[in-house]
Amino acid sequence: MLAKVKTISAYMEELAPLSLALPGDPVGLQLGHPEAEVKKIMVALDPDHEALTEAGASGAEMLVTHHPLFYNMLSSLDESYPAGRLAAEALRKGLHIYSAHTNYDIAPRGVNFRLAKALGLPAEQGRIINVTGTEQYLKLVVFIPAGHEDGIRHAISQAGAGWIGAYSHCTFQTPGTGTFMPGEGTDPFIGSQGKLEKVEELRMETVLPEARKSEVIQALIKAHPYEEVAYDLYPLALEGESIGLGLQFDLEEPCSLENLLSRCRSALKPAALRCWDAGKSYYSRVAVCGGSGGSLVEQAARQGIEVLVSGDFRYHDLKLAQAYGLALVDAGHDATEWPGVAYLREYLVERLEADHYETGVSIQASASPAWK
Ligand SMILES: [Zn+2]
């Protein structure tokens, strides 16, 4: 069985919910058909000519990238412009393209988490540098015929509902009487058409992160015996975990700049590695930001961060960092994002296998020597 584009998109949205994207960032399915079946996926950093060529040559039918295909609105597919040329090339090759950009930067297990892990930093303990929001929670209330509650509780917990800290399957249930009258054309699980039914039901309530809404509702509907499932979703004012850009760490064992540079060299294999040393022998508050970290320099310095590893630092970022005494390591935009891209392959393989799909996943070999 082959996975459809919409199934692969749903897996991606579990990892990097679209709602996390920064305003105006064109994330999600860039090009293609949600119902199409996919034999092979290729993951890449950029949907560029090299990636499209390799995808076509290797038999891939879907490209999953970090950077989007369409940064700006197109009014035509004029092939004398790069965006039009790439889109036309992808269409000719029959490729579907999906991108998870700032939503994957911001996702709690996203680009920065993977970069931190690659550098041997304690990724689970990272604190956000630039908070863009907090995880939002919903209350789910569902009405269940008695005897079916355990199966449903298990299904929705597996999909991400009912977690409070390290406790899973957290629900509250109370018995009552549900009523309904099956109408014409129905195939009721209990009762018959045109007859008012009174059924012993349970009202089960639980919480879920808003980002898990579609998976939880899908799991609920699949596990529930009724043809039409009665459920409510309420927004909650609870504040969840902070989410945002960049991660900082307080190292138990401070490291030298040379040590950090050698971790970057071996883990990221950057084409170039630049640094500005703030003159400390050891650094204990270390931060990472995959891609372009220049806009975080001031916030990082004011939060007491001593060294920031990122890419794309400009002259004025360096001057600002120098003024604050913040050390900078520039390992390159692409090299700091590839650990996140490499994880997409691992993640998609795991999800597809768990659901018994035969769709294969490769990673672009022609992009960076480090990730072949
Ligand atoms: Zn980027």
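Residues numbered from 1 in each chain as written. Predicted model: local features only at pLDDT ≥ 70, side-chain atom pairs only at ≥ 80, totals over all residues.

### Let's talk about unusual backbone geometry
A positive phi angle, close to 65 degrees, is found at Asp312, a residue other than glycine. Its location among the elements puts Asp312 in the loop between strand E15 (307–311) and helix H10 (315–324). If you check the backbone angles, His356 has positive phi at about 60 degrees while not being a glycine. (Helix = DSSP H or I, 4+ residues; strand = E, 2+ residues; numbered from the N terminus.)

### Considerations on the pairing of strand E5 (residues 62–65)
Side chains Met62 and Val64 project from E5 onto one buried face, and the interleaved Leu63 and Thr65 project onto a second face that is buried too. A crossover connection joins strand E4 (residues 40–44) to the parallel E5 through helix H2 (residues 49–57); in handedness this β-α-β unit is right-handed. (Buried ≥ 20, exposed ≤ 12 C-beta atoms within 10 Å, placed from the backbone. Right-handed = clockwise from strand over helix to strand, strands pointing away.)

### Things to note about the domain arrangement of the protein
For the protein, the domain assignment lists domain 1 (3–107 + 337–371), domain 2 (111–133 + 244–331) and domain 3 (136–235). Its C-alpha centre places domain 1 at a distance of 34 Å from the equivalent point of domain 3. (Domains from an automatic or database assignment.)

### Structural notes on the sheet that holds strand E12 (residues 242–255)
One open sheet accounts for six strands, arranged E7-E12-E14-E15-E16-E13; its pairing is mixed. Taken across any chain shown, the strands that pair with only one partner, and hence form the sheet edges, are strand E7 (127–134) and strand E13 (274–276). Pairwise comparison of adjacent strand axes, ignoring direction, gives a mean angle of 20 degrees for this sheet. Looking at chain direction, E7 and E12 are connected through six bridges and run antiparallel. Its bridge partner being in E12, Thr134 is matched across the sheet by Ser242. Along the sheet face, helix H5 (residues 111–118) touches E12 and strand E14 (283–292) and points at about 130 degrees away from the line of E14. (Pairing = 2+ DSSP bridges. Axes fitted to C-alpha atoms, helices over the stretch in contact; angles between N-to-C directions. Contact = placed C-beta atoms within 7 Å.)

### What about the sheet that holds strand E17 (residues 360–363)?
Taken in spatial order, the five strands make up an open sheet running E2-E6-E5-E4-E17, and their pairing is mixed. Two strands bound the open sheet, and with one partner strand each, they are strand E2 (28–31) and E17. Strand-to-strand twist across the sheet, computed as the mean angle between neighbouring axes with direction ignored, equals 25 degrees. Strand direction decides the pairing type here: E2 and strand E6 (residues 96–99), joined by three bridges, are antiparallel. Bridge pairing in E6 links Leu29 to Tyr98. The strands that helix H1 (residues 5–15) touches are E2, E4, E5 and E6; relative to E6, the one it contacts most, it runs at about 10 degrees.

### Description of the pairing of E15
Where burial is concerned, most of E15 is hidden: five out of the five residues are buried. Pairing between E14 and E15: four bridges, direction parallel. Bridge pairing links Ser292 to Gly311 in E15. At this point the chain moves from E14, through helix H9 (residues 297–302), to the parallel E15, and the crossover so formed is right-handed. Note: E15 against strand E16 (residues 327–330), four bridges, orientation parallel. From the neighbouring strand, Val307 faces E16, where its bridge partner is Ala327. Regarding topology, H10 serves as the crossover connection from E15 to the parallel E16, and that connection is right-handed.

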